[in-house]
Amino acid sequence: MMHVLTNSVPKWGIPRSPHFDTIDHSFSICTRCSFSCLPTSLATHDIARNKGLLHIKEGCAFTIMSFPVIEKTESNVVIKEYAEDFTSSSSYESAMEALSSLITIRKRGEKTQIGGRYKKLERMLMYLKILGLEDHIAELKVIHVAGTKGKGSTCTFCEAILRECGLRTGLFTSPHLIDVRERFRINGLEISEDKFLHHFWECWSLLKENVSDDLPMAPLFQFLTILAFKIFVYEQVDVAVIEVGLGGTKDSTNVIKEPVVCGVTSLGFDHMETLGNTLRMIASHKAGIFKSQIPAFTVPQLSEAMDILQERALQLAAPLEVAAPLPIEKLRGLKLSLSGDHQFINAGLAVSLCKCWLQRTGNWEKIFHKDGKEAELPEAFLRGLSTAQLSGRAQIVYDNSYASSEASENSSGDLVFYLDGAHSPESMEACAKWFSSVVKGNRNSSQSSLSSMNGGENMEEVLRNMRHEKEKSKQPYKISKQILLFNCMEVRDPQVLLRRLVNICASSGTHFSKALFVPSISMYNKVTSGSSIVPLDISGKDLSWQFSLQRHWERIICGADSVHDKNSEMDSARTLPPRTFLYEAASHYCPGKDYSAYSAIMPSLPLTIKWLRDCVKENPSVRVQVLVTGSLHLVGDVLKLLKRI
Ligand SMILES: Nc1ncnc2c1ncn2[C@@H]1O[C@H](COP(=O)(O)OP(=O)(O)OP(=O)(O)O)[C@@H](O)[C@H]1O
Ligand SMILES: [Mg+2]
Ligand SMILES: [Mg+2]
């Protein structure tokens, strides 16, 4: 494949968007004016102008751009546009403020309080019309994916595979862990801050100008969906991989009228307050993305769910196929970049979706004409499957920032974080299996395989982990302790989640010596960015939810209620347990201490990480393996802190 470096874009002129010619894999420059392909209304607004984001000229918007710089990463071309100084972090923070104002404060399952005359999907179509996008989104070549678990992973595999096939990709996933821009990827890379702000303020101001009592402003997820469509249209992606937000039938993404192919990942119990209490009801929502005569794929499902999917597909004359989990031999010695056995299910689905997409768009034969071996996965597929990246799903982070530079590596213990944002019973099961298998791998061999490190890491992180593995193999034997760091949203059933986790881990010999219950930093009513300030002030934080999690834990582990009397709860949570707590056997526990034998409430996440680091620093003979799970917010917060503390 040829990559051509271009820097011939006029600095103050029309942005020409570079893209792949998908047919012969060559890189070409589209000489059409990207903006001129879009309605001139896109350029007529004030906020962006006030913020200096746009120059308006005769109804056509011109971004202020400096020369694009092309970075080559493996077989992909990555384009970076370095904008002038018009975007500052403060402008990014004001975008976050604006986004936060779109969060509709309501309890899950309650009917929306958006008001207005129209239903959600009618509103979505009207918003798209305001932005002049309605015809353009019909031209996007979409892979649309619903399901209870594995949507994000499946979409990420699809994106990586098709990018490796030489296509220009757009990927829209949810939720994000640290920064909202994670939800929008162009050619495998998170959208740049400049581009994000540009599109954000255009959407924002046009919608704000046109809202009325009948058509109120779009709530958060609808807004983000519209933004994704706008970005993908503007970026002229060859393929848009779109993850459903919640359910299917009524999801904001379901304005896609004619996707190229649809996928439904593993179905299970989540969001029952919105989707219903039975698997049949849940499946019926997910099947709501099927479209007349459009091929659909799913994974093996329980029969109640499969029956519904098949019924719906039949009604729509949509050919539905079941994609088998990817057989490991097909990888020809490579490893899936996302860890855990469940990822073979997602990978199998992604392969079927991509093959179908390539065939239906006429690309399959053009790209793989020389590759006659139907049974084998094309090289590009293997590259995609072994490099796709998604943070916070079965991700391992070795933390060594506590080790002082002068001290030898061996003078402190190991601290390893295992992060997985599981928050439904089925995903907790997948998470427990993964955690047990990787810590077991550690117990059985001094060197764990790199396959246990998922693709959420960047190259730098992978290399750091490899160095760590190498160092570790030279070190004396360490005693491993498994610790749980947990929080979940109040709408979840912690009893079910924790019990599932404990039982599955126990069945393969993994036992948590302690559980730490901690409040998340992220606020559900605020969209924050990677650079937002981490609040350290914990005074007045209500920890009653964490105390109730602890009570569930105590009941599961020792069949008894926690020893806490309610009055001491608030006081005890103000203080961290002594460092010996981490290593103390439960039998050493003395009633009367302000933490229990098996668990503790931690006053804040930053303090918890510091405390864990201090504990490990003092004790060279231990390896503390911390499973962080229950909430993607918690996982995101931990990742943010590990990178920044
Ligand atoms: N096929 C699967 N079966 C069971 N659990 C899975 C599967 N795939 C992923 N998981 C679990 O679900 C978690 C989230 O994975 P992923 O982000 O791919 O799913 P999602 O459907 O996008 O989730 P969300 O509802 O958070 O958007 C993973 O961390 C893992 O614990
Ligand atoms: Mg979900
Ligand atoms: Mg998701």
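Residues numbered from 1 in each chain as written. Chains lettered and ligands numbered in written order. Predicted model: local features only at pLDDT ≥ 70, side-chain atom pairs only at ≥ 80, totals over all residues. Heavy atoms only, no water.

Looking at an unreviewed UniProt entry, the protein carries the name Folylpolyglutamate synthase, with the source organism given as Melia azedarach.

Visitor: Could you give an account of the sheet that holds strand β20 (residues 622–629), with specific residues and numbers?
Guide: The strand order across the open sheet formed by 6 strands is β15-β16-β20-β17-β18-β19, and the pairing between neighbours is mixed. In the strand order of this sheet, the two ends are held by β15 (395–399) and β19 (599–601), each with one partner. Ignoring which end each strand starts from, the neighbouring axes of this sheet average 20° apart. Judged from the 4 bridges that link them, strand β17 (residues 479–486) and strand β18 (residues 514–517) form a sheet pairing that is parallel. (Pairing = 2+ DSSP bridges. Helix = DSSP H or I, 4+ residues; strand = E, 2+ residues; numbered from the N terminus. Axes fitted to C-alpha atoms, helices over the stretch in contact; angles between N-to-C directions.)

Visitor: So what's going on with the site of ligand 1? Which residues, and what values?
Guide: Near ligand 1 lie 19 residues; those nearest to it are K149, G152, S153, R393 and D420. Take S153: an N or O atom from its side chain is 2.4 Å from an oxygen atom of ligand 1. In the environment of ligand 1, an oxygen atom lies 2.6 Å from a nitrogen or oxygen atom belonging to the side chain of D420. Considering ligand 1 on its own, with 620 Å² of exposed area, one finds that the protein chains cover 95% of that surface. Of the residues in the shell around ligand 1, the class split is 4 nonpolar, 10 polar and 5 charged. (Near = heavy atom within 4 Å. Polar contact = N/O pair within 3.5 Å; in protein donor to acceptor, adjacent residues only side chain to side chain. Areas by Shrake-Rupley, 256 points an atom, 1.4 Å probe, with all protein chains shown as cover. Nonpolar A, V, L, I, M, F, W, Y, C, P; charged D, E, K, R; others polar.)

Visitor: Tell me about the nonpolar core, and name the residues and values.
Guide: Residues L99, F196, F200, F223 and F232 are the most contacted members of the largest nonpolar core, which totals 48 residues. When contributions to this core are tallied by element, the ones reaching two or more residues are α2 (89–100), α3 (120–130), β9 (184–186), α6 (193–210), α7 (220–234) and β11 (239–243). Looking at which element gives the most residues to this core, the answer is α7, with 10 residues. If sequence neighbours within four positions are ignored, F200 has contacts with A95, A98, L99, F223 and L227. V299, L338, W357 and L385 belong to the second-largest nonpolar core, a separate cluster that totals 42 residues. (Core = buried A, V, L, I, M, F, W, Y, C linked by side-chain atoms within 4.5 Å. Buried < 20%, exposed > 50% of the residue type's maximum accessible area, 1.4 Å probe, protein only. Contact = heavy atoms within 4.5 Å.)

Visitor: I'd like a rundown of the pairing of strand β16 (residues 414–419), residues and numbers included.
Guide: Residues in a regular strand point their side chains to alternate faces of the sheet. Here β16 lies mainly inside the structure; 6 of its 6 residues are buried. Of the two faces of β16, the one lined by D414, V416 and Y418 and the one lined by L415, F417 and L419 are each fully buried. With 5 bridges joining them, β15 and β16 adopt antiparallel strand pairing. Residue pairing in the sheet places Y398 in a bridge with V416 of β16.

Visitor: Hey, could you go over the environment of T629 for me, with residue numbers and the actual values?
Guide: By the secondary structure assignment, T629 is in strand β20. By relative accessible area, which is 0% here, T629 ends up buried. Measuring from C-alpha to C-alpha, the distance between T629 and N487 comes to 7.1 Å, with 142 residues separating the pair along the chain. For T629, the residues in contact, after removing those within four places along its chain, are D420, G421, A422, M428, C431, L484, L485, F486, N487, L501 and L634.

Visitor: I'd like a description of the sheet that holds strand β12 (residues 261–264), backed by residues and values.
Guide: Strand order in the open sheet formed by 8 strands is β10-β9-β8-β11-β7-β12-β13-β14, with mixed pairing between adjacent strands. Lying at the two open borders of the sheet, with one neighbouring strand each, are β10 (189–190) and β14 (320–322).

Visitor: Any chance you could break down the packing of α6 against α7 for me, citing the residues and the numbers?
Guide: In contact at an axis separation of 10 Å, α6 and α7 are set at 125° when each is read in the N-to-C sense. With respect to each other, α6 and α7 are oriented oblique. Regarding α6 and α7, the two cross each other, and that crossing is right-handed. The residues of α7 that touch α6, namely those facing F196, H199, F200, E202, C203, W204 and L207, are F223, I226, L227, K230, I231 and Y234. Residue composition of the contact of α6 with α7, by class: 10 nonpolar, 1 polar and 2 charged. (Parallel < 35°, antiparallel > 145°, perpendicular 65-115°, else oblique. Left-handed = near helix turned anticlockwise from the far one by under 90°.)

Visitor: Quick rundown of the packing of helix α5 (residues 151–164) against helix α13 (residues 379–387)? Include the residues and the values.
Guide: Look at α5 against α13: their axes get within 7 Å of each other, and the N-to-C directions meet at 140°. As far as their axial angle goes, α13 and α5 are oblique. The interaxial crossing formed by α5 with α13 has right-handed handedness. Mapping the contact onto sequence places F157, A160, I161 and E164 in α5 and A380, F381, R383, G384, L385 and T387 in α13. Grouping the amino acids of the contact of α5 with α13 by side-chain chemistry returns 6 nonpolar, 2 polar and 2 charged.

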